Each structure stands twice: as structure tokens, then as C-alpha cells.
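The primary structure of each chain is shown beneath.
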Amino acid sequence: MHIYTHIFQVKYLNRILMLLRPKHITLSALQRFWLGACAVLCVWLLAACSLEPADDTPTDSKPTANTDRLLILCEGLWGMNNASLSLLDHGVLTNHWFRQQNPGERLGDTANDILQVNDTLIAISVNWSNIVQYIRPDGTAIAATENIPNNRRMATDNRGYLYVTSYADHGYVAKIDLTTKLVVDTCHVGYEPEGIAYYDGRLYIANTGGYSSQTKDHGYEQTVSVVDAPTMRELRRIDTGCKNLYGIMSQSGQYICINSAGDMYHIPPRCIVLNMANDEFRVYDFPATYNCAYHNRFYMIGSSYSYITSTYTYSAHTISLPSLEASEGLADYNAANETIMNMQSPYAIYISPLSGHMYVSDARSYATNGYVYEFDRQGVQLKRYLLRGVNPGRIIAM
């Protein structure tokens, strides 16, 4: 994998700066500004050369027999303001669906998460635009919460509130009143909080410390913050012993699946399954970078990156609940393993609660339009959809 491919996956300027300058040189603010400008220019130039791939294989537009109506959220490229939303309705793909439903509007810069809050409201966290965008199920935009900088992941209590993690201000969680779309409370947690889940009046937040190599004022986190949702006060922190709890967090009832990315040098990635009913957890010696929950199982595709070798290693595992037994492969979907492992850059996994079909995205070079593959309940590939969006990171059913 080329070095610029990894730069595209890293979304923040400080990380680009660290890649560009030797570690023994200290830069002034002005030097950092100009070096940052050059980094952004490089991203724009490289992206301009590859946003539209040479792919002349159109997606079959015939409707399918399943009832799936899915939204596919593409992050876009940092600084390019090209996050996008595609609709996959009964096997028919509509790209740039948000722009189609909202003429003249853009979704924003670097969309991280999407959540259907209720039957009439969908929330989208747009990280570098510092907003949470709200849309109806028909795709029309209705409002936005604009004062949560560097927002990441979301959860709802199904009682009228939305909770959003933010890397800003050393890391906090914002509580949004969905009636007014205003932030009504916050709670500081660990550095650079990522995944979040709600259970029985409590929030569980995975802390990463992901900026540690850039800011040098803290190390990688290895804790899960437990916050009382009504009062927004941190109750305790659960020490998992695993570094950098970064990535998607899936929930199945009282259980959450958390990825530990390690340090990408000498500390290997791990997977953690935590029981929110009693705060007990189990650690596994494989990553859960991209994961989802379906029928009392966690399904995961692990992506291990090494700065030493500049290579990715991929894996697939399943964890059964409540036994917590782990197995290699994707259980009933094992027939899809070979196709997934041959993807250039697996980037999301989702199993539809409606059809039981599994959808896996391929971000390819992280700078070109991605693919989404559809597999049936036996893991047999049904279709491959060509998106007109970069880095398809989240898929949800409506």
C-alpha cells in the first residue's frame, strides 16, 4: 500500500504533519501552518486524480426480492467537503441521495456516524463540519446541531435525547434535546472518546487517547467511561488493559463490542466484549475494527496496520452471546470470507435485520469511489454496488 493511501485514511491535520516532518525537528506555528497547507494541497491533488475510478461495470439496477431499504454513509475525504449519502432500496442504488433530496445542499466534511433515532428522525454526525445533521426518512434535511466540534459517534436513550462523543476540549460527551436540537449538558470523559452506547440509564464511552502521538500531553487511553445519562456525571472508568479503544462500537442488548487498535507498532490490536449489566468483560487476541451485531452474535472484520511494515492484515471472527465463544470466520456467512479477504480495503460490515443479508463495503484506496457487496444468508454474493462516494463507513436499515 502506498504511503499516501494511509494518509487519506488519517483525517486530521496533526496526523498528516507528523507523517511529513522528521521526529527530531520542532516546527514553529508559522512553519506548521505552511506545512499543513501543503499537506492539504497534496490531499486535494491526489484526490482529484482518483475520485472517479476507471470502472465501466455499472451496478445492476433491477429490484431484488428482499425488502431492504438501506442508507450508506460515505465519509468523504478530510478537508474536501464531500461526505455523501446513498440509498439502496430493494436492490436499486441511488447515489448522492442527500443532494438529490436537498438541491444545492451538501452533507458536509467527513461524516462519521449515522443513527436512526426514531421512525421520523435520522441523525448524522459530520465531524469536520462540527455539526449533527438531522434528516427525515425521505432524505429531506430539517435541522442541525452546530456546536459540537470534532464530533464522532452517537447513541440515543429513546427518551428524547441524543448523546454524541467529541474529541474537542480533551474529550467529552454532549447531550442533545431532540425537541429543540440544542445541547443541554456535557460530561468530560477520557481523551478522544470514540464509541458510545446507552444501557439502563447509563452511557458507556470508549476512550482512545488517539492524539497522544501528536500532542505528547497524554498517552493512549485504555478505559471505558460510565456516565449517568440523566445527570451527565461520570460514575467510574473501567480499565480494559487494552490500548486505544478506537472504531465502531456495536451493541447487542447488554453487550457491547469494542475494538482496541493498539499502537500500530508493538502493542497488537484486541477485541473487547463488555457486559453493561455487571461491567465484566472479556478480551480477545484479534481486532474488531469493523463490527456489527445480529441475532445474538457479533460479526467483525479486523484490520491491523503496522507502521513498521506499512502493511494491513485482515481477519474475520464471530463471537456468540451470551456464551462469549469466539470462532474464526463469519459463521453462517462463511462463504463470503474469501471475497471479503480479497477486497482492497474492507471498511464496514452490516447485517440487515429485515432480510438477514450481509453488506460489506470496500473503501479501495481510501480516495476513490467505494463498493458495497451484498451477500445472502449463506454468504453467497448477490451484487456489488458501485458508489459515487469515498470511504463508505456506515450502513443502516430504515
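Each chain has its residues counted from 1, following the order in which its sequence is written. Thresholds applied to this predicted model are a pLDDT of at least 70 for local features of residues and 80 or more for the giving and counting of side-chain atom pairs; totals over whole chains, interfaces and linings are not thresholded and use all residues. Values reported for side chains reflect all heavy atoms of the structure, with hydrogen atoms and water molecules removed beforehand.

**Considerations on the overall build of the protein**
Phase 1 of the analysis: Note on conventions: DSSP H or I runs of at least 4 residues are helices, E runs of at least 2 residues are strands, and numbering of each starts at the N terminus. Across its full length, the protein holds six helices and 28 strands.
Phase 2 of the analysis: To sort residues, take the accessible area from a 1.4 Å probe on protein chains only and compare it with the maximum for the residue type: under 20% means buried, over 50% means exposed, and anything in between is partly exposed. Expressed as a percentage of the 398 residues in the protein, the buried residues total 58%.
Phase 3 of the analysis: Note on contacts: a residue pair qualifies if any of its non-hydrogen atoms lie within 4.5 Å across the two residues. Here the contacts in the protein between residues at least 6 apart in sequence split such that 49% fall between residues at least 24 apart.
Phase 4 of the analysis: With residues, only the protein chains shown are counted as cover, and all accessible areas are computed by Shrake-Rupley using a 1.4 Å probe. For the protein, the accessible surface area stands at approximately 16,500 Å², while carbon and sulfur atoms represent 51% of it.

**Some remarks on the nonpolar core**
Phase 1 of the analysis: Counting residues in hydrophobic clusters, the biggest one holds 25 residues, and the most contacted among them are Y299, L330, I340, I349, M358, V360 and F375.
Phase 2 of the analysis: Breaking this core down by element, the ones donating at least two residues are strand 20 (290-293), strand 21 (297-306), strand 22 (311-320), strand 24 (346-351), strand 25 (358-362) and strand 26 (369-375). Here, nonpolar core refers to any group of buried Ala, Val, Leu, Ile, Met, Phe, Trp, Tyr and Cys residues whose side-chain atoms link them within 4.5 Å.

**Section: the packing of aromatic side chains**
Two descriptors summarise a pair of aromatic rings, namely the distance from one centre to the other and the angle between the planes of the rings.
Phase 1 of the analysis: Here a Phe, Tyr or Trp ring, Trp counted by its six-membered ring, pairs with any other such ring whose centre lies within 6.5 Å, and the pair is stacked when the planes are under 30 degrees apart, edge-to-face when over 60, and tilted otherwise. Taken as a whole and judged by the stated rule, the model has 14 aromatic pairs.
Phase 2 of the analysis: Ring centres of Y290 and Y347 lie 5.6 Å apart, and the angle between their planes is 50 degrees; this geometry places the pair in the tilted category. Highlighted residues: Y290 in strand 20 and Y347 in strand 24, separated in sequence by 57 residues.
Phase 3 of the analysis: A relative accessible area of 8% means that Y290 is categorised as buried.
Phase 4 of the analysis: Its relative accessible area of 5% is what places Y347 among the buried residues.
Phase 5 of the analysis: Connected via pairs of aromatic rings, a cluster forms that spans Y265, Y290, Y305, Y307, Y312, Y314, Y347 and Y366.
Phase 6 of the analysis: Our definition puts a charge over a ring when NZ of Lys or CZ of Arg is within 6 Å of the ring centre and also within 35 degrees of the ring normal. Directly above the ring of Y167 sits R152, whose terminal nitrogen or CZ lies 4.7 Å from the centroid.
Phase 7 of the analysis: Just above the ring of Y161 sits the side chain of K175; from NZ or CZ to the centre is 4.4 Å.

**Some points on the pattern of salt bridges**
Phase 1 of the analysis: A pairing counts as a salt bridge when a side-chain nitrogen of Lys or Arg comes within 4 Å of a carboxyl oxygen of Asp or Glu. A full pass over the atoms with the stated rule returns eight salt bridges.
Phase 2 of the analysis: One salt bridge in this structure joins D332 and R297, with 3.7 Å as the shortest N-O distance. With a gap of 35 residues between them, D332 in the loop between strand 23 (326-328) and helix 6 (337-341) and R297 in strand 21 connect regions that are remote in the sequence.
Phase 3 of the analysis: On the basis of relative accessible area, D332 is assigned to the exposed category, the value being 51%.
Phase 4 of the analysis: Taking relative accessible area as the criterion, R297 reaches 25% and is therefore assigned partly exposed.
Phase 5 of the analysis: What you see here is one network of salt bridges that share partners, running through R152, R153 and E194.

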